[in-house]
Amino acid sequence: MEVPRRVVQRPLAQACFSLQPPRPCEVYRAEWKLCRSARHFLHHYYVHGEWPACEQWWRDLASCREWEERRSAEAQQACRGVDITEA
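Bear in mind that the values here come from a model prediction, so they are computed numbers and not experimental data.

Undergrad: Residue-level account of the packing of aromatic side chains, with values.
TA: Using the criterion set out here, one finds 3 aromatic pairs in the structure. Between Trp-32 and Trp-58, the aromatic rings sit 4.8 Å apart at their centres with planes inclined by 45 degrees, giving tilted as the arrangement. Of this pair, Trp-32 sits in helix α2 (residues 25-35) while Trp-58 sits in helix α4 (residues 55-70), and the two are 26 residues apart along the sequence. Here Trp-32 falls in the partly exposed class, since its relative accessible area comes to 27%. On the basis of relative accessibility, which here comes to 43%, the residue Trp-58 falls in the partly exposed class. Through successive ring pairs, a cluster of aromatic residues spans Phe-41, Tyr-45 and Trp-51.

Undergrad: An account of a negative patch on the surface is requested, with residue identities and associated values reported.
TA: A contiguous patch of negative charge on the surface is contributed by Glu-26, Glu-66, Glu-68, Glu-69 and Glu-74. The leading source of residues in the negative patch is α4, at 3 residues. Looking at the secondary structure, you find Glu-69 in helix α4.

Undergrad: An account of the environment of Trp-67 is requested, with residue identities and associated values reported.
TA: Tracing the sequence through the fold places Trp-67 in helix α4. Taking the relative accessible area as the measure of exposure, Trp-67 reaches 0% and is therefore buried. C-alpha of Trp-67 to C-alpha of Cys-25: the two residues are 42 residues apart in sequence and 9.7 Å apart in space.

Undergrad: Any details on the confidence of the model for the protein? Residues and values, ideally.
TA: When pLDDT is averaged along the protein, the result is 75, and 60% of the positions lie at 70 or above. The secondary structure element of the protein with the lowest average pLDDT is helix α1 (residues 12-16), at 42, and the one with the highest is helix α3 (residues 38-48), at 95. Predicted confidence is poor over residues 7-16, with pLDDT under 50, and the contacts of this stretch with residues over four places away or in other chains come to 3 contacts. When the criterion is pLDDT under 50, residues 82-87 qualifies, and its contacts beyond four places in sequence or with other chains add up to 5 contacts.

Undergrad: Help me get a handle on the state of the cysteines, residues and values and all.
TA: Using the criterion set out here, one finds 2 disulfides in the structure. In this model Cys-25 forms its disulfide with Cys-64; the gap between the sulfur atoms is 2.0 Å. Between Cys-25 and Cys-64, the disulfide has an S-S torsion of -100 degrees and is therefore left-handed. Of this pair, Cys-25 sits in helix α2 while Cys-64 sits in helix α4, and the two are 39 residues apart along the sequence. Judged by its relative accessible area of 0%, Cys-64 falls in the buried class. Covalently, Cys-35 is tied to Cys-54 through a disulfide, its sulfur atoms 1.9 Å apart. On the S-S bond that ties Cys-35 to Cys-54, the torsion sits near -85 degrees, and the link is left-handed. Taken as a pair, Cys-35 in helix α2 and Cys-54 in the loop between α3 and α4 lie far apart in primary sequence, 19 residues in all.

The rules behind these values
- Residues numbered from 1 in each chain as written.
- Predicted model: local features only at pLDDT ≥ 70, side-chain atom pairs only at ≥ 80, totals over all residues.
- Heavy atoms only, no water.
- Phe/Tyr/Trp six-rings, centres within 6.5 Å; stacked < 30°, edge-to-face > 60°.
- Helix = DSSP H or I, 4+ residues; strand = E, 2+ residues; numbered from the N terminus.
- Buried < 20%, exposed > 50% of the residue type's maximum accessible area, 1.4 Å probe, protein only.
- Patch = residues over 30% accessible without salt bridge, like charges linked within 9 Å, V, L, I, M, F, W, Y side chains within 5 Å.
- Areas by Shrake-Rupley, 256 points an atom, 1.4 Å probe, with all protein chains shown as cover.
- Salt bridge = Lys/Arg side-chain N within 4 Å of Asp/Glu carboxyl O.
- Lys, Arg positive; Asp, Glu negative; His and termini not counted.
- Charge placed at Lys NZ, Arg CZ, Asp CG, Glu CD.
- pLDDT = per-residue confidence, 0-100.
- Contact = heavy atoms within 4.5 Å.
- Disulfide = S-S within 2.5 Å.

Here's what the structure looks like:
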């Protein structure tokens, strides 16, 4: 016998708009810093034959900081991975 799952409904405002980024900005900074490290550069080049592209981590960090500082809707969509032209 299966146990029915309860569906938790959030208010519409909470579901559509969050006051915090999906992850703390320090996580994006740590990922960008790791991507730029010499060890990661050499490992990525050895495995994939090309240098790693760290620009996405930098853009995510910039969007996260803008979201925290200005509550920008564009930065919020960028952090969530939503294309602004589609939204």
